[in-house]
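The residues making up each chain are set out below.
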Amino acid sequence: MTKLTQRFFDQKTELVAKELLGKVLVRKINDKKLSGMIVETEAYVGPHDLASHASKGKTNRTHVMFSSGGFWYVYMIYGFYYCLNIVTETEDYPSAVLIRALEPLEGIEIMKQNRKTDNIINLTSGPGKLCQAFEITKKIDSTSAISENSKLYIEDREIKIPANQIVKAERIGVDYAGIWKDKLLRFYIKDNLFVSKK
DNA sequence: CAAGAGATCATCT
DNA sequence: GATGATCTCTTGA
C-alpha cells in the first residue's frame, strides 16, 4: 500500500503506461474516499507524437506536460468532459499517460451519485466518465500526485497483472495523427469489464 | 444492436 | 472560426 513516487513516473512513458495497470487511483474529498484500479491507459510519448497535445509546442494548456514526472495534466474535451493524465519522464520532455478506465473499489455509492446512474459498469469505464465519478476538474490540473498532502494520487497495492493479460492496441480518437494513429500505445487488462473499448 | 447526431467550450489559427 | 485524447440519447433495422 505505498504511494507511487517521482522515480516511478520519471521512467519511459510506454513503460509507465503498462506498469500503471493494476495500480490504484485514490481520491480524497474532505472525509470521503474514492478509489479504483487502473485497467486502461494510453501513452503520449513525446513532442514528435502527433497525437499528443504537446506536438504543437509549449502552450498555456500543455506546459505541465513539459515538467518532470508526477504532475497531473487535466483538460476539458468537447466542452463537456475532462480527461486525466499523469506527466512522465524528465523535465522539458513533454509526455504523459492518459488514464482511460478504472475498476471501482471504494466509494461506489458516491460515484453513483456523481454519475447519476446505478450501473456499476458505467461509472468509470472511460476517460470522461472517471473524471465525473472522481470529481476531477481543471482545479486538479498542474497539481502534484506525489506531494505529501495530495488529494489525488496513485497507490501500489501489489496487484500484479501478468504480461500475457496485457493487451496492446491503437489509441482511441486520434485519427488526425497520421502514422501515429496506428501505434500500439493503448494498454488494457484482457477481459476486464471496465475497459472502455474492446 | 449499430450508427449518427448533438451537446458546448477552451484552445489555437 | 474550427476543432477535439467524449458521452449519451435517438433512430432505425
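Residues numbered from 1 in each chain as written. Chains lettered and ligands numbered in written order. Predicted model: local features only at pLDDT ≥ 70, side-chain atom pairs only at ≥ 80, totals over all residues. Heavy atoms only, no water.

**Regarding the packing of aromatic side chains**
Then comes step 1: Tallied over the full model, the rule gives three aromatic pairs.
Then comes step 2: Their ring planes at 85 degrees and their centres at 5.2 Å tell us that Phe8 and Phe9 sit as a pair that is edge-to-face. Accessibility assignment for this pair places Phe8 and Phe9 in one class, buried.
Then comes step 3: Judged by centre distance (5.3 Å) and plane angle (35 degrees), the ring pair of Tyr73 and Tyr75 falls under tilted. Neither Tyr73 nor Tyr75 differs from the other in exposure class; each is buried.
Then comes step 4: Its guanidinium or amino end placed over the ring of Tyr153, Lys3 lies 4.7 Å from that ring's centre, counting from NZ or CZ.
Then comes step 5: In this arrangement the basic side chain of Arg171 is found over the ring face of Tyr44, its NZ or CZ atom lying 4.7 Å from the centre. (Phe/Tyr/Trp six-rings, centres within 6.5 Å; stacked < 30°, edge-to-face > 60°. Buried < 20%, exposed > 50% of the residue type's maximum accessible area, 1.4 Å probe, protein only. Lys NZ or Arg CZ within 6 Å of the ring centre and 35° of its normal.)

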